[in-house]
Structures are given as C-alpha cells and as structure tokens.
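Results of the structural survey
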Amino acid sequence: METIVVEIDPLNIEESKIKEAANAIKEDKTVVFPTETVYGLGANGLSENAVKKIFDAKGRPYDNPLILHVADVRSFLEYTYISYTLLEKVERLLPGPVTFVLKKKEIVPNIVTAGKDTVAVRMPAHPVALKLIKFAGVPIAAPSANISGKPSPTLSEHVLKDMYGKVDYIIIGGLVQFGIESTVIDLTQGKVPIILRPGPIPPEKLKEIFGDIFIPEFAYGRTEADYVKSPGMKYRHYAPNTPLILVEQSHFDLMINKVLEESKNYHNPIILCLKEHANYFKKYGVNFDIIGSEENYYEFAVKLFEMLRKYDEKVDAMIVEGIEDRGIGIAVMNRLRKAACKIL
Ligand code: AMP
Ligand code: MG
C-alpha cells in the first residue's frame, strides 16, 4: 500500500496539510497522527468499513475495543448517554490524556466497541489531532499506531517502522508530551468511577473532580484484569522478545544489589536504571542506560517505550529499575509489570 508521509510542526501548523489528511479520513482511509500521549492510528469512527482497516493494519484482535477521539465537549452528548452533571465534571479534564467509558448511542458502530454497549471517548489536547478531527467532521476511532503487541510509538521512527506501507497517511508532528497511553476511567459502574488503565492523569486529580475513585488491583499491573470490564487488558500490551526483569522500588542498596545479582545471569544484559544510581553501575563496569529519575516521573514515562524499543532484541536481558506507585508512576509501573517476565 502506498503511504503518504507529511510533517507538521505543531507550533506552526500548516492547515492545508491537515485538511488533506482529513479528506483521507472522509474517504474511509487510515491516518496516523500525533497526540499528546502516543501516536494514534485513526479512521472514521462512524464507518465500519474504515474502522476495519485499523484492526487489519495493526493485527489487532476484534474483541479489543477502540477509543473514539472527538474535538469538542458537545460530541460526548452526540455519541454517549452522559448526564449534564457528569459532563460538567468530565469537561474539567478536557482536552487531555484521559478517556471516559460511557453508555454508547446507536450511531457508534459495534466494531468500535467490540459489541459492548459502552464506548470509550477522549478529547486529545494535541493541536494537530484536534484540527484533524475538526476538519474530518467525524469522530476518529484510534488505538496506538503500533503493530499489536509492540510498545506504543512515541517517536516518528517508531510509526514509520510499524506502519509505513500499512496505512494511507502518516502525519509526523513533533515530540509527544506524555509518552504513555491515556488514563481510562469507567463511568458506567454505579456512582464510583473505576480506573481501568492508569495513565498521565493520576488518581489524585480524578479524586479532586469525582470524589471517590476505585483503583482495582489490576490497574497496578500486579494481577490479571477483569476482562468483562476492561476488555483490552487481556492482551499483554507489550511482551518484549528479550526477557524484561523488573526490580521494584526499594531501599537504595537493596535495589542496586538485586540488579547486580540478576545481571550475572546473562551474557549481555542492559540495566535501565534511575539517574540517581548511574554512578554506581558505572563504578561496577556494567552496561547501563538511564531510563528516568526519581525526581521527575514524567520524564520516566516519556522515555519508557523509547528505551524498551531501543534495546529489545539487542541484548539478552533488560533489567529495569522501577519507581513508586504514585502519580504517573502508577501508569509507568503498570506498563512495566505487564511487560516483565520476572519481578524482583
Ligand atoms: P488502545 O487504543 O490500544 O490504547 O486501548 C484502548 C483501551 O481502551 C483498551 O485498553 C480498552 O480496553 C479500553 N476500552 C475501549 N473501549 C472500552 C469500553 N467500551 N469499555 C472498557 N474499556 C474500553
Ligand atoms: Mg495500544
């Protein structure tokens, strides 16, 4: 398949380029576009024919529902049965890296929701994404723009590697802001919202708006998900070919010891460590790279998938140092625990 690749500077947007991509959406074609979380692979979310192409390009199982991306608050009323009281709360987080699961209206095709009577809706904060949706005039169904099972793409080279030749259009649009997928919150299970997938919007922020929030154990990535509520979670989002060993955050010396002991089991491991520990690994002469720091969990999140893609199949083990389950750290640890074959 011929793929058109265009570059758009989010700080100096050439609207004509976005209009061309929006026309492709109108013609039921597939368009990869940047968002503030990760790159998305989009198509007309009201067209069964178009949405089918997303599943085909990714090799995504049909029972894993997609997120409908919208460009305004009004769209929540158009595609879901949301009450005005709830919409007032939801609105406070829009646009942003958070997805709301709500009862769907008839107009949303079953292929988008994997036959469920609920639909996941998100209004992204990226200017290119917002304009693309606006110009297309339809909601855009979009999962992450990676081959199913690979880490979500955060750099242009990731989308080109995974999607070139498989989609009609690729928009390259600068750096992603967060680097991990949106927080998914279910608003259909009684009064208390449930976090189905932790993401850039942390529970503390959600509590401020919704009051009580339920964080199931599977949101931490420690146990299997309840597949009925969180259908996508039964697929390991990322299972590297190289074994990934996760060392949970603990006392400084204990952590470094565990990492060094574990590294002796392999011929050519890489240690993906915290900035604060780098000097120690340097001293021991082991192969390491800095994945993030204890100081800024957002930096860790934004580099996470990039580092995992960089070293998968290049070493015989990735030993990763973890962070605490707080703020965006919950989302980082969820992804790492699910990718790990061993947790220490
Ligand atoms: P992805 O597009 O790969 O970032 O994944 C979308 C996520 O949203 C998946 O984990 C799905 O389980 C979740 N999701 C989408 N639609 C629904 C829905 N109707 N109910 C519950 N979760 C959903
Ligand atoms: Mg995905």
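Everything that follows concerns the structure shown earlier in this document.
Now for a quick tour of the structure.

1. Overview of the overall build of the protein
Looking only at helices and strands, the protein features 12 helices and 15 strands. At 20 Å, the protein has a C-alpha radius of gyration in line with the 20 Å of a compact globule built from 344 residues. Taking all 344 residues of the protein together, 57% fall into the buried category. Considering only residue pairs separated by 6 or more positions, the protein has 67% of its internal contacts joining residues 24 or more positions apart. Here the protein displays about 14600 Å² of accessible surface, and carbon together with sulfur accounts for 51% of that area. For the protein, the distance from the average position of its 43 positive side-chain charges to the average position of its 45 negative side-chain charges is 2 Å.

2. Description of the sheet that holds strand 3 (residues 40–44)
In any sheet, the strands associate via hydrogen bonds between backbone groups, in a parallel or an antiparallel arrangement. Taken together, the 10 strands give an open sheet; going across it, the order is 1-8-2-3-7-4-6-5-9-10, and neighbouring strands pair in mixed fashion. Two strands lie at the open edges of the sheet, namely strand 1 (4–7) and strand 10 (194–197), each paired on one side alone. As defined by bridge partners, strand 2 (residues 31–33) adjoins strand 3 across 3 bridges and the pair is classed as antiparallel. When the bridges of strand 3 are listed, Val32 appears paired with Leu41. Along the sheet, helix 2 (residues 48–58) contacts strand 3 and strand 7 (140–141); its crossing angle with strand 3, the most-contacted strand, is approximately 155 degrees. Taken strand by strand, helix 7 (residues 156–163) contacts strand 1, strand 2, strand 3 and strand 8 (169–172), and its axis lies near 170 degrees from that of strand 8.

3. What about the packing of helix 1 (residues 15–26) against helix 6 (residues 127–136)?
One way to put it is that helix 1 packs onto helix 6 with a least axis distance of 8 Å and a crossing angle of 55 degrees. Taken together, the axes of helix 1 and helix 6 are oblique relative to one another. Handedness of the crossing formed by helix 1 with helix 6: right-handed. For the pair helix 1 and helix 6, contact is made by Glu15, Ile18, Lys19, Ala21, Ala22, Ile25 and Lys26 and by Val128, Lys131, Leu132, Phe135 and Ala136, respectively. The residue makeup of the contact of helix 1 with helix 6, split by class, is 8 nonpolar, no polar and 4 charged.

4. Digging into a nonpolar patch on the surface
A grouping of Val5, Leu160 and Tyr164 is seen on the molecular surface, where their side chains present a nonpolar patch of about 260 Å² in accessible area. Within the secondary structure, Tyr164 is located in the loop between helix 7 and strand 8.

5. Some words on the environment of Val32
Within the secondary structure, Val32 sits in strand 2. For Val32, a relative accessible area of 0% translates into the label buried. Note: C-alpha distance between Val32 and Val159 (127 residues apart in sequence) is 7.9 Å. Beyond its immediate sequence surroundings of up to four residues, Val32 is in contact with Tyr39, Gly40, Leu41, Ala145, Val159, Met163, Val167, Tyr169, Ile170 and Ile171.

6. Quick notes on the pattern of salt bridges
Taken as a whole, this structure holds 20 salt bridges when the rule is applied. The partner of Lys103 in a salt bridge is Asp117, and the shortest N-O contact between them spans 4.0 Å. Residue Lys103 is found in strand 5 (residues 98–103), and its partner Asp117 is found in the loop between helix 5 (110–113) and strand 6 (118–122); the two are separated by 14 residues along the sequence. Judged by its relative accessible area of 37%, Lys103 is partly exposed. Taken together, the salt bridges that share partners define one network made up of Glu217, Arg222, Glu248, Asp325 and Arg337.

7. Digging into the nonpolar core
Residues Val32, Phe76, Phe100, Leu132, Ile171 and Phe210 are the most contacted members of the largest nonpolar core, which totals 70 residues. Setting aside residues no more than four positions away along its own chain, Leu132 makes contact with Ile18, Ala21, Ala22, Val31, Phe33, Ile140 and Ile171. Counting residues in each nonpolar core, the second largest holds 39 residues, with Val247, Leu272, Tyr297 and Met333 among its members.

8. Some details on helix 12 (residues 329–339)
The buried fraction of helix 12 amounts to 10 of the 11 residues, a majority that puts the element mostly inside the structure. Here helix 12 has its buried residues at Gly329, Ile330, Ala331, Val332, Met333, Asn334, Arg335, Leu336, Arg337 and Ala339. Those residues of helix 12 hidden inside the fold are in contact with strand 10, helix 8 (203–210), strand 11 (244–247), helix 11 (297–311), strand 14 (317–321) and strand 15 (342–343).

9. Things to note about the packing of aromatic side chains
Counted according to the given criterion, the structure contains 4 aromatic pairs. Geometrically, the ring pair formed by Phe76 and Phe100 is edge-to-face, given 6.1 Å between the ring centres and 70 degrees between the ring planes. Placement of Phe76 in helix 3 (residues 74–79) and of Phe100 in strand 5 is noted, with a sequence separation of 24 residues between them. Accessibility assignment for this pair places Phe76 and Phe100 in one class, buried. Judged by centre distance (5.0 Å) and plane angle (80 degrees), the ring pair of Phe252 and Tyr280 falls under edge-to-face. Taken together, the positions of Phe252 in helix 9 (residues 252–263) and Tyr280 in helix 10 (residues 278–283) put the pair 28 residues apart, joining distant regions of the chain. We classify Phe252 as partly exposed; its relative accessible area is 29%. The partly exposed category is assigned to Tyr280, whose relative accessible area is 35%. The ring of Phe135 carries Lys19 above its face, with NZ or CZ at 5.0 Å from the centroid. Here the basic side chain of Lys105 rests over the ring of Tyr81, its NZ or CZ set 5.3 Å away from the ring centre.

Analysis parameters
Residues numbered from 1 in each chain as written. Chains lettered and ligands numbered in written order. Predicted model: local features only at pLDDT ≥ 70, side-chain atom pairs only at ≥ 80, totals over all residues. Heavy atoms only, no water. Helix = DSSP H or I, 4+ residues; strand = E, 2+ residues; numbered from the N terminus. Rg over C-alpha atoms; globule rule 2.2 N^0.38 Å. Buried < 20%, exposed > 50% of the residue type's maximum accessible area, 1.4 Å probe, protein only. Contact = heavy atoms within 4.5 Å. Areas by Shrake-Rupley, 256 points an atom, 1.4 Å probe, with all protein chains shown as cover. Lys, Arg positive; Asp, Glu negative; His and termini not counted. Charge placed at Lys NZ, Arg CZ, Asp CG, Glu CD. Pairing = 2+ DSSP bridges. Axes fitted to C-alpha atoms, helices over the stretch in contact; angles between N-to-C directions. Parallel < 35°, antiparallel > 145°, perpendicular 65-115°, else oblique. Left-handed = near helix turned anticlockwise from the far one by under 90°. Nonpolar A, V, L, I, M, F, W, Y, C, P; charged D, E, K, R; others polar. Patch = residues over 30% accessible without salt bridge, like charges linked within 9 Å, V, L, I, M, F, W, Y side chains within 5 Å. Salt bridge = Lys/Arg side-chain N within 4 Å of Asp/Glu carboxyl O. Core = buried A, V, L, I, M, F, W, Y, C linked by side-chain atoms within 4.5 Å. Phe/Tyr/Trp six-rings, centres within 6.5 Å; stacked < 30°, edge-to-face > 60°. Lys NZ or Arg CZ within 6 Å of the ring centre and 35° of its normal.

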